[in-house]
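Structural features, examined
Here is what each chain is made of, one letter per residue.
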Amino acid sequence: MKTLTISISDLELAKFGIKKDEISFSEFVDLVSKELTRQTLNKCVELADKYGISKMTMEDITKEVKAVRKNAKDRN
């Protein structure tokens, strides 16, 4: 097994929830993946708010999906 040394700031340690000085690569990938997922989710929520999607009801969403599907069928 090889050892890889990575420098990371205290802020990044806290951001990624790294509490130990040594972690496995799998643990590191998992922590980074969770943080990236969190950031992506926050961006999705931000965009949903920006474009009014967050205010849509399930009925509104269903209507939109049906309209898109109908338009797609009409083009073919």
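Below, the structure is looked at part by part. (Residues numbered from 1 in each chain as written. Predicted model: local features only at pLDDT ≥ 70, side-chain atom pairs only at ≥ 80, totals over all residues. Heavy atoms only, no water.)

With respect to helix 2 (residues 25–50)
Turn by turn, an α-helix covers 3.6 residues, leaving residues three or four places apart pointing in a common direction. Taking 1.5 Å of rise per residue, 26 residues should cover 38 Å, and helix 2 covers 37 Å from first to last C-alpha, within 8% of that figure. At the C-terminal side of helix 2, G52 shows a positive phi close to 80°. (Helix = DSSP H or I, 4+ residues; strand = E, 2+ residues; numbered from the N terminus. Expected span 1.5 Å × (residues − 1).)

Quick look at the pattern of salt bridges
Oppositely charged side chains can pair when the atoms bearing their charge come close. In this structure the tally under the stated criterion is 6 salt bridges. Residue R38 pairs with E35 through a salt bridge whose shortest N-O separation is 2.5 Å. Within this pair, R38 and its partner E35 are both found in helix 2, separated by 3 residues, close to a single helical turn. (Salt bridge = Lys/Arg side-chain N within 4 Å of Asp/Glu carboxyl O.)

A word on the environment of K50
One can find K50 in helix 2. Look at K50 and you get exposed, because its relative accessible area is 61%. Expressed as a C-alpha distance, the spacing of K50 and L13, which sit 37 residues apart in the sequence, is 31 Å. (Buried < 20%, exposed > 50% of the residue type's maximum accessible area, 1.4 Å probe, protein only.)

Observations concerning a nonpolar patch on the surface
On the surface, a nonpolar cluster with roughly 290 Å² of combined accessible area is contributed by L4, I6 and I8. Here I6 shows up in the segment before helix 1 (10–16). (Patch = residues over 30% accessible without salt bridge, like charges linked within 9 Å, V, L, I, M, F, W, Y side chains within 5 Å. Areas by Shrake-Rupley, 256 points an atom, 1.4 Å probe, with all protein chains shown as cover.)

A look at helix 3 (residues 58–75)
Relative to the 26 Å expected for 18 residues at 1.5 Å per residue, helix 3 spans 26 Å between its end C-alpha atoms, a close match to the ideal helical length. For helix 3, the tally of buried residues reaches only 0 of 18 residues, placing the bulk of the element at the surface.

Some words on the environment of A48
With respect to the helices and strands, A48 occurs in helix 2. Given the relative accessible area of 16%, A48 is considered buried. Once the C-alpha coordinates of A48 and F28 are considered, the two residues, 20 residues apart in sequence, prove to be 30 Å apart. Once residues lying within four places of it in the same chain are set aside, the contact partners of A48 are I53 and S54. (Contact = heavy atoms within 4.5 Å.)

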